[in-house]
Amino acid sequence: MGSEPLLSVRDLRIAFAGVEVVRGLSFDVLPGEVLAIVGESGAGKSLTARALLGMLPRAAAMTGTVRPDLSAARGRRIALVPQDALSALSPVHPVGDQLAAAVRSVARVSRSAARARAVAALEGVGIPDAARRARSYPHEFSGGMRQRAVIAMATINSPDVLVADEPTTALDEERRDQVLRVLAERRESVGAALVLVTHELDVVREHADRALVLYAGRLAELGPARRVLERPLAPYTAGLLASLPQHVDGRRLPTFPGTPPAPGALPPGCAFAPRCPLATDICREREPEPRHTDGRLVACHHGEDR
Ligand SMILES: Nc1ncnc2c1ncn2[C@@H]1O[C@H](COP(=O)(O)OP(=O)(O)OP(=O)(O)O)[C@@H](O)[C@H]1O
């Protein structure tokens, strides 16, 4: 892993109709790393990932910076592995043609060379009899095969950064493991960094180098995935872990009640304070800024006390 970031996000804010849903996020994506973005539904994971690609919904107002802006090099330097392969693939073209078109969109190569690369890419994600299956349409593929085909598509031009937004939610457990394995293999073979949006902490544990934990559109904790999971410093991370059937260091972690606040109705101070077992007056008054603590960034007034 090199040290110069591939992407630097600074004070990213995303709002809809004047209501901020991503509220001042700063982080880097390092070459070759797997950075997991985790948090509950509505935390701003997808929007953050989409901001990296320059693919925010039209109604979104964004401020802050994502540098460099790779949106014009989408498909070449940065590529998306979407949640739903069916909507990402055209229903009216054979899968192999779509992969070949992706090759030809960035490189001047003959049709037959592009086609050969398409077949090799399908082989690379474990599609059996790839030369024949390249002529099939997406609806003729199983769900797992389709998801592998979009991984082939996203990696076919060897991008620097892959962004995968909950790439396995539509699949059963067995296929989920398969698809994550294929994604990890392909990512490694093209040497891309991967930004992996997920709400599954076992996926983070198995696949990520670093974890960015979001709560209500803000950074709660960012650091080496194993340390964040083994010894969470933000009470929110600890609570997320506790929602899984497991213990950390043999200790039972405290669970927290309630649900995240609606974006337009944030409490004063720390957005997590109403659910937090450690909350004190300062938490209800002032939003904590991320601070360097124990090799990571933690946004909690009591992060160091844990
Ligand atoms: N097009 C949109 N218009 C209005 N609000 C939106 C839009 N897209 C997202 N939001 C809101 O922005 C917030 C963050 O959304 P985002 O999809 O990034 O969350 P998430 O963490 O990825 O959640 P999930 O795990 O459910 O996908 C949510 O409150 C969501 O309702």
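Procedures and definitions
- Sequence positions are assigned chain by chain, starting from 1 and proceeding in written order.
- This being a predicted model, a pLDDT of at least 70 is required before a residue's local features are given, and a value of 80 or more before pairs of side-chain atoms are given or counted; all residues contribute to the totals for chains, interfaces and linings.
- Angles here are taken between N-to-C directions and fall from 0 to 180 degrees, while the axes themselves are lines fitted to C-alpha atoms, restricted in helices to the stretch in contact.
- Secondary structure follows DSSP: runs of H or I at least 4 residues long count as helices, runs of E at least 2 residues long count as strands, and numbering of each begins at the N terminus.
- Oblique is the label for any angle not covered by the other classes, which are roughly parallel (under 35 degrees), roughly antiparallel (over 145) and roughly perpendicular (65 to 115).
- Should the near helix be turned counterclockwise from the far one by less than a right angle, the crossing is left-handed, whereas a clockwise turn marks it as right-handed.
- By definition, residues are in contact whenever their C-beta atoms, placed on the basis of the backbone, come within 7 Å of each other.
- Under the convention adopted here, Pro, Cys and the residues Ala, Val, Leu, Ile, Met, Phe, Trp and Tyr are nonpolar, Asp, Glu, Lys and Arg are charged, and Gly plus all remaining residues are polar.
- UniProt positions are given in the numbering used here, feature names are shortened, and annotations may be inferred rather than shown by experiment.
- Each residue receives a C-beta atom placed from its backbone. It is near a molecule or strand if this atom lies within 6 Å of it.
- What a helix is expected to span follows from its residue count: subtract one and scale by 1.5 Å.
- Residue burial is a threshold on neighbouring C-beta atoms within 10 Å of the residue's own C-beta, all placed from the backbone, with 20 or more meaning buried, 12 or fewer meaning exposed, and counts in between meaning partly exposed.
- Defined on buried residues, the nonpolar core groups Ala, Val, Leu, Ile, Met, Phe, Trp, Tyr and Cys residues joined through C-beta atoms within 7 Å.
- Marked domain ranges trace back to an automatic or database domain assignment.
- Should DSSP find at least two bridges between two strands, the strands are taken to pair.

### As for the packing of helix α6 (residues 143-155) against helix α7 (residues 173-190)
Right, so step 1: The N-to-C vectors of α6 and α7 enclose an angle of 15 degrees; their axes lie 10 Å apart at closest approach. As summarised for this structure, α6 and α7 are arranged roughly parallel, according to the angle between their axes. In the packing of α6 onto α7, the handedness of the crossing is right-handed. The segment α6 lies against α7, with G143, G144, Q147, R148, I151 and T155 engaging R175, Q178, V179, V182, L183, R186 and V190.
Right, so step 2: Here the residues of the contact of α6 with α7 sort into 5 nonpolar, 5 polar and 3 charged.

### So, the UniProt feature "domain: ABC transporter" (unreviewed entry) in the chain
Right, so step 1: As annotated in UniProt, the feature "domain: ABC transporter" (unreviewed entry) corresponds to residues 7-241 in the numbering used here.
Right, so step 2: Helix makes up 40% of residues 7-241 and strand 26%, with an end-to-end C-alpha separation of 28 Å.

### A word on the site of the ligand
Right, so step 1: Near the ligand you find 14 residues, and of these V21, S41, K45, S46 and L47 are the closest.
Right, so step 2: Here the shell around the ligand gets 3 residues from one element, more than from any other, and that element is helix α1 (residues 45-53).
Right, so step 3: Class assignment of the residues belonging to the shell around the ligand gives a composition of 7 nonpolar, 6 polar and 1 charged.

### Comments concerning the packing of helix α3 (residues 95-106) against helix α4 (residues 111-124)
Right, so step 1: Running from N to C, α3 and α4 cross one another at 120 degrees; their axes reach a closest spacing of 8 Å. Taken as a pair, α3 and α4 cross one another with a handedness that is right-handed. Contact residues: G96, L99, A100, V103 and R104 in α3; R111, A114, R115, R117, A118, V119, A121 and L122 in α4.
Right, so step 2: Each residue belonging to the contact of α3 with α4 can be placed in one class, and the counts come to 8 nonpolar, 1 polar and 4 charged.

### Quick look at α3
The α-helix winds at 3.6 residues per turn, so residues separated by three or four positions along the chain end up facing the same way.
Right, so step 1: For α3, which comprises 12 residues, the first-to-last C-alpha distance of 18 Å matches the rise-based estimate of 16 Å (1.5 Å per residue) to within 8%.
Right, so step 2: Among the residues making up α3, those that are buried are V95, G96, Q98, L99, A100, A102 and V103.
Right, so step 3: On its buried face, α3 sits against α4 and α6.

### Side note on the nonpolar core
Right, so step 1: A36, L99, A149, V161, L212 and V213 are the most contacted members of the largest nonpolar core, which has 89 residues in total.
Right, so step 2: Sorting elements by how many residues they give to this core places α6 first, with 7 residues.
Right, so step 3: Of the residues that make up this core, three or more belong to each of domain 1 (7-207) and domain 2 (233-305).
Right, so step 4: Residue contacts for A149: discarding those within four places in its chain leaves A85, L89, V95, L122, V125, I127 and F141.

### Thoughts on the sheet that holds strand β4 (residues 60-67)
Right, so step 1: Strand order in the open sheet formed by 3 strands is β2-β1-β4, with antiparallel pairing between adjacent strands. Where the open sheet ends on each side, the last strands, each with one partner, are β2 (19-29) and β4. Averaged over all adjacent pairs, the angle separating strand axes in this sheet is 5 degrees, with direction ignored.
Right, so step 2: Where strand β1 (residues 7-16) lies against β4, 7 bridges are found, and the strand directions are antiparallel. In the strand pairing of β4, A15 is matched with A61.
Right, so step 3: The strands that α1 touches are β1, β2 and β4; relative to β1, the one it contacts most, it runs at about 120 degrees.

### Re the domain arrangement of the chain
Right, so step 1: Split by domain assignment, the chain resolves into domain 1 (7-207) and domain 2 (233-305).
Right, so step 2: Of note, the centres of domain 1 and domain 2, computed from C-alpha atoms alone, are 30 Å apart.
Right, so step 3: The partner domain 2 presents 6 residues to the 7 residues of domain 1 that form the contact.
Right, so step 4: A per-element tally of the side of domain 1 that touches domain 2 places β2 first, with 3 residues.
Right, so step 5: Residues belonging to the side of domain 1 that touches domain 2 are distributed by class as follows: 4 nonpolar, 1 polar and 2 charged.

### Remarks on unusual backbone geometry
Right, so step 1: The peptide bond linking R67 to P68 adopts the cis configuration, its omega dihedral lying at -5 degrees.
Right, so step 2: Examined against the element boundaries, P68 turns out to sit in the loop between β4 and β5 (78-81).
Right, so step 3: One non-glycine residue with positive phi stands out, namely A17, at about 45 degrees.
Right, so step 4: In this structure A17 comes out as exposed when scored by C-beta crowding, with 8 C-beta atoms within 10 Å.
Right, so step 5: Despite not being glycine, S158 has its phi angle at roughly 45 degrees, a positive value.
Right, so step 6: By the secondary structure assignment, S158 is in the loop between α6 and β6 (161-165).

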